[in-house]
Amino acid sequence: MTLIFATSDKGGTGRSVTSCNMMYRRALQGDNVCYLDFDFGSPTAGAVFEVSSAMTGIVGNGLHSYLQGRVVEPKRLDLWTTSDRSALRTRPVGSGALTLLPGDRGGGEFALTKDVTRRCTELFLRLEEEFDICLVDLSAGRSFAVDLALEVSGQQALSEITCRWLIFHRWTRQHIVAANGLAFGDRGILKTAKAYGHEEDRLRDSIRFVRTAVLEPDSTLLTTISPAKSAWLRECNRDLQEWASRHELGLSNVLGQTPFDPMLQWREQLISDGDVYTTRIAAEETATAFDELAKCLTDDSAWEGL
Ligand SMILES: Nc1ncnc2c1ncn2[C@@H]1O[C@H](COP(=O)(O)OP(=O)(O)OP(=O)(O)O)[C@@H](O)[C@H]1O
Ligand SMILES: [Mg+2]
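It should be emphasised that the depicted structure is a prediction, and the values quoted were computed from it without experimental measurement. (Residues numbered from 1 in each chain as written. Chains lettered and ligands numbered in written order. Predicted model: local features only at pLDDT ≥ 70, side-chain atom pairs only at ≥ 80, totals over all residues. Heavy atoms only, no water.)

**Describing the sheet that holds strand S2 (residues 33-37)**
In plain terms, the rule: Should DSSP find at least two bridges between two strands, the strands are regarded as paired. The numbering of helices and of strands both runs from the N terminus, where a helix is a DSSP run of H or I of at least 4 residues and a strand a run of E of at least 2. It only takes one pair of heavy atoms within 4.5 Å for two residues to be counted as in contact. Convention adopted: a line fitted to C-alpha atoms gives each axis, helices being fitted over their contacting stretch, and angles between N-to-C directions are expressed from 0 to 180 degrees.
Taking strand neighbours across the sheet as the criterion, the eight strands line up as S3-S4-S2-S5-S1-S6-S7-S8 in an open arrangement whose pairing is mixed. Bordering the open sheet on either side are strand S3 (77-78) and strand S8 (254-259), each of which pairs with just one other strand. Note: S2 against strand S4 (residues 98-101), four bridges, orientation parallel. Across the sheet, residue Leu36 finds its bridge partner in S4, namely Leu101. Helix-sheet contacts for helix H1 (residues 15-28) involve strand S1 (2-8), S2, S4, strand S5 (133-140), strand S6 (162-170), strand S7 (207-214) and S8, and the interaxial angle to S5 is about 175 degrees.

**Considerations on the state of the cysteines**
Condition: Sulfur atoms of two cysteines make up a disulfide when they are within 2.5 Å. Throughout this description, buried means an accessible area under 20% of the type-specific maximum (1.4 Å probe, protein chains only), exposed means over 50%, and partly exposed covers the range between.
If you walk through the whole model with that rule in mind, you get zero disulfides. For the unlinked cysteine Cys34, the closest cysteine sulfur is that of Cys134, found at 4.6 Å. With a relative accessible area of 0%, Cys34 lands in the buried category.

**Details of the packing of aromatic side chains**
Put simply, the rule reads: In summary, the pairing rule links any two rings of Phe, Tyr or Trp, Trp by its six-membered ring, whose centres are within 6.5 Å, and it sorts them by plane angle into stacked for under 30 degrees, edge-to-face for over 60 and tilted for everything else.
Within the structure shown, the criterion is met by eight aromatic pairs. Ring centres 6.5 Å apart and planes at 55 degrees place the aromatic pair Tyr24 and Trp80 in the tilted group. Of this pair, Tyr24 sits in helix H1 while Trp80 sits in helix H4 (residues 79-82), placing them 56 residues apart in sequence. Looking at Tyr24, the relative accessible area reads 5%, which means it is buried. A relative accessible area of 3% means that Trp80 is categorised as buried. Note on Phe38 and Phe124: the rings are 6.2 Å apart at their centroids and 25 degrees apart in plane angle, and the pair reads as stacked. You can see Phe38 sitting in the loop between S2 and helix H2 (45-48) and its partner Phe124 sitting in helix H6 (residues 114-128), a full 86 residues away along the chain. Classification of Phe38 as buried rests on a relative accessible area of 1%. For Phe124, a relative accessible area of 0% puts it in the buried group. Following the ring pairs from residue to residue traces out a cluster consisting of Phe5, Phe38, Phe40, Phe110, Phe124 and Trp165.

**A few points about the site of ligand 1**
Where we set the bar: Here a residue is near a molecule or strand as soon as one of its heavy atoms is found within 4 Å of it. For the purposes of these results, a polar contact is taken to be a pair of N or O atoms within 3.5 Å, where, inside protein, one atom must be able to donate a hydrogen and its partner to accept one; residues adjacent in sequence count only when each atom of the pair is a side-chain atom. For the area figures, the Shrake-Rupley method with a 1.4 Å probe applies, and any residue is considered shielded solely by the protein chains shown.
Neighbouring ligand 1 are 18 residues; Thr13, Ser16, Val17, Arg170 and Leu264 lie closest to it. Within the side chain of Thr13, a nitrogen or oxygen atom sits 2.8 Å from an oxygen atom of ligand 1. Within the backbone of Gly14, one N or O atom sits 2.9 Å away from an oxygen atom of ligand 1. Bound to the protein, ligand 1 loses 82% of the 640 Å² it would expose on its own. Every element with two or more residues in the shell around ligand 1 is listed here: H1, S8 and helix H12 (262-266).

**Topic: the pattern of salt bridges**
Selection rule: Think of a salt bridge as a Lys or Arg side-chain nitrogen and an Asp or Glu carboxyl oxygen that are within 4 Å of each other.
If you walk through the whole model with that rule in mind, you get 16 salt bridges. A salt bridge links Glu50 to Arg85; the nearest nitrogen and oxygen atoms lie 3.7 Å apart. Within this pair, whereas Glu50 is found in the loop between H2 and helix H3 (63-67), its partner Arg85 is found in the loop between H4 and helix H5 (86-89), the two being separated by 35 residues in sequence. The buried category is assigned to Arg85, whose relative accessible area is 11%. Among the charged side chains, a salt-bridge network with shared partners connects Lys194, Glu200, Arg204 and Glu248.

Encoded structure:
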């Protein structure tokens, strides 16, 4: 199994929407997939998957309840049958499991204890037997969830599981600097991980960045802008590329990017092939980007040491 920890320094980067779409694509590609909502302060992954009973988490037996020992097993939602989305209700032949482990409604952040760590470890080990890939949506910034992920993944018990980190950021200077800080800063993931027994070089090789909602200067969305604006955008884009490579977020550290899509600007949701080819409300490039990112998650050549 591959375990993906999805995080970002800032909020609202597109981490959850991109992660949900990647996992949906992965299930369509035939893998058994599980999405864990570890955004303990705001567990809203159910909204993106359009499960009306879990829009802001569930009552009584979500991940909060499990990790804090109130139930012995967290509730699992089979998205092919529980989502309100008709594209999900018609499960394509050959697709894998698509499962959501939601948080508890109003659950909030909670402190780490040995018992929380143990339950989390046991959960990951149980999931390993059933799923090809699990994605843990960890919330924005430094949080208990990030520490929990570092602590659990640093243990010998998880040495058979491939753990990888994705840091999502928007294509702006502030976001580039912030994402660099989260990965490599004094209180960042790499520095914190040492205390949990991680080897720095190995962990560094398992961190990649994802640029979200990138408006490329030659995007078809910009065909009517003036030459002056177009030239300015190109200059900004070049500047951001330099800025990114100076902050260790250059191409060799990037797993992929998603284009700005007006549909996602207006609504956080999964993009189905029907949205692209039937109703045509989503861009083909966006669906392709999710598809490619989904494949790259387990493509070892995208994760080789630099
Ligand atoms: N490619 C895109 N183009 C346009 N808008 C996007 C794109 N990707 C995501 N968005 C939008 O950005 C907003 C924030 O996305 P999302 O909720 O996934 O971010 P997040 O990083 O998970 O936020 P939070 O920190 O609050 O959990 C949403 O409205 C989402 O639909
Ligand atoms: Mg989110």
